[in-house]
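Inside the fold
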Amino acid sequence: MTAHPHWRIRPLREDDAVESFSCGHDTLDLWLRKHAWASQRRRTAATQVLLNSPDEAAGAVIGYYSLASTSVISADLPRRLGRGQPAILPAFLLARLALDHSLQGQGMGGALLSHAVRSADQASRIVAARLLVVDTIDASAASFYEYHGFTPLTTDDRHQRFAAIIKHLL
């Protein structure tokens, strides 16, 4: 599914209307409201927001994702991801990806993920990164990323880590 013609994705701004955003996970909602802008300012995570308006200065946030830099130890990867690579691989972390609950199940999560992948690919041409890594919030998210081509890496009590070669997701 393609995005609605009146929606747009752009970097988070301090004055964005994030208060009414609700994706069904309080931790993701709270992070957007309380921490996303501070992380953006400190350059520890770069957040892109999906707005329900074509006007760059208007609209409510109806989705978002955040990217950050990270690294992965090649020995911890499945052979097909880590073979022949340096001991420590540069990567991007898809730290958050959330869509307003009213839009879930319509293919928009995949469209937002696709935008994040293209952003990571573009950034990797300036600052090298081979992988896109994500730590899932629940089993539903794990299924979503696996469906979209990510490989499961590790599981702890609450999260599962996935990774994919950026150029293979394009």
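In what follows, the accompanying structure is described. These numbers were taken from a predicted model, which means no experiment stands behind them.

Cut-off values and rules
Residues numbered from 1 in each chain as written. Predicted model: local features only at pLDDT ≥ 70, side-chain atom pairs only at ≥ 80, totals over all residues. Heavy atoms only, no water. Helix = DSSP H or I, 4+ residues; strand = E, 2+ residues; numbered from the N terminus. Contact = heavy atoms within 4.5 Å. Core = buried A, V, L, I, M, F, W, Y, C linked by side-chain atoms within 4.5 Å. Buried < 20%, exposed > 50% of the residue type's maximum accessible area, 1.4 Å probe, protein only. Expected span 1.5 Å × (residues − 1). Polar contact = N/O pair within 3.5 Å; in protein donor to acceptor, adjacent residues only side chain to side chain. Pairing = 2+ DSSP bridges. Right-handed = clockwise from strand over helix to strand, strands pointing away. Phe/Tyr/Trp six-rings, centres within 6.5 Å; stacked < 30°, edge-to-face > 60°. Salt bridge = Lys/Arg side-chain N within 4 Å of Asp/Glu carboxyl O.

Details of the environment of aspartate 121
- Assignment of secondary structure puts aspartate 121 in helix H4 (residues 108-124).
- Here the alpha-carbon distance between aspartate 121 and lysine 167, two residues 46 residues apart in the chain, equals 6.8 Å.
- The contact partners of aspartate 121, leaving out residues within four places of it in the chain, are Ile166 and Leu170.

What about the nonpolar core?
- One finds Leu94, Leu132, Tyr145 and Phe150 to be the most contacted residues of the largest nonpolar core, which totals 27 residues.
- Listing elements by their share of this core, those giving two or more residues are strand E3 (61-73), strand E4 (88-99), H4, strand E5 (131-135), helix H5 (139-147) and strand E7 (160-165).
- Top contributing element to this core by residue count: H4, with 7 residues.
- Residue contacts for phenylalanine 150: discarding those within four places in its chain leaves Leu113, Leu132, Val134, Tyr145, Phe162, Ala163, Ala164 and Leu169.
- Ranked by size, the runner-up nonpolar core spans 14 residues in total, among them Val18, Cys23, Trp31 and Ala36.

So, H4
- With 17 residues, H4 extends 24 Å between its outermost C-alpha atoms, agreeing within 8% with the 24 Å of an ideal straight helix rising 1.5 Å per residue.
- Among the 17 residues of H4, 12 are classified as buried, and the element is accordingly described as predominantly covered.
- Within the sequence span of H4, burial applies to Met108, Gly109, Gly110, Ala111, Leu112, Leu113, His115, Ala116, Val117, Ala120, Asp121 and Ser124.

Observations regarding the side chain of threonine 151
- Within the secondary structure layout, threonine 151 lies in strand E6 (residues 151-155).
- One polar contact links threonine 151 to arginine 80, side chain to side chain, over a distance of 2.3 Å.
- The contacts of threonine 151, once residues within four sequence positions are left out, are Pro78, Arg80, Leu81, Arg161, Phe162 and Ala163.

A look at the pairing of E5
- Within E5, 4 of the 5 residues are buried, which leaves the element mostly enclosed by the surrounding structure.
- Note that E4 and E5 share 3 bridges and pair parallel. Each bridged residue has a counterpart across the sheet, and for alanine 91 the counterpart in E5 is leucine 131.
- Of the crossover connections in this fold, the one passing from E4 over H4 to the parallel E5 is right-handed.
- Sheet topology places E5 next to E7; 5 bridges connect them, and they run antiparallel. In the sheet register, valine 133 faces E7, and the bridge partner there is alanine 163.

Some details on the packing of aromatic side chains
- Following the criterion strictly, the structure yields 4 aromatic pairs and no others.
- Ring geometry for phenylalanine 21 and tyrosine 64: centres 5.6 Å apart, planes at 70 degrees, overall edge-to-face. Placement of phenylalanine 21 in the loop between strand E1 (8-11) and helix H1 (26-34) and of tyrosine 64 in strand E3 is noted, with a sequence separation of 43 residues between them. Residues phenylalanine 21 and tyrosine 64 agree in their burial class; the two are buried.
- Note on phenylalanine 144 and tyrosine 145: the rings are 5.0 Å apart at their centroids and 85 degrees apart in plane angle, and the pair reads as edge-to-face.
- Classification of tyrosine 145 as buried rests on a relative accessible area of 5%.
- Through pairs of rings, three or more aromatic residues link up here, namely Phe21, Trp31 and Tyr64.

Considerations on the pattern of salt bridges
- This model, assessed by the stated rule, comprises 3 salt bridges.
- For aspartate 121, the salt bridge identified is with arginine 125, shortest N-O distance 2.6 Å.
- The buried category is assigned to aspartate 121, whose relative accessible area is 12%.
- With a shortest N-O distance of 2.6 Å, arginine 161 and aspartate 135 are connected by a salt bridge. Within this pair, whereas arginine 161 is found in strand E7, its partner aspartate 135 is found in strand E5, the two being separated by 26 residues in sequence.
- The partly exposed category is assigned to aspartate 135, whose relative accessible area is 34%.

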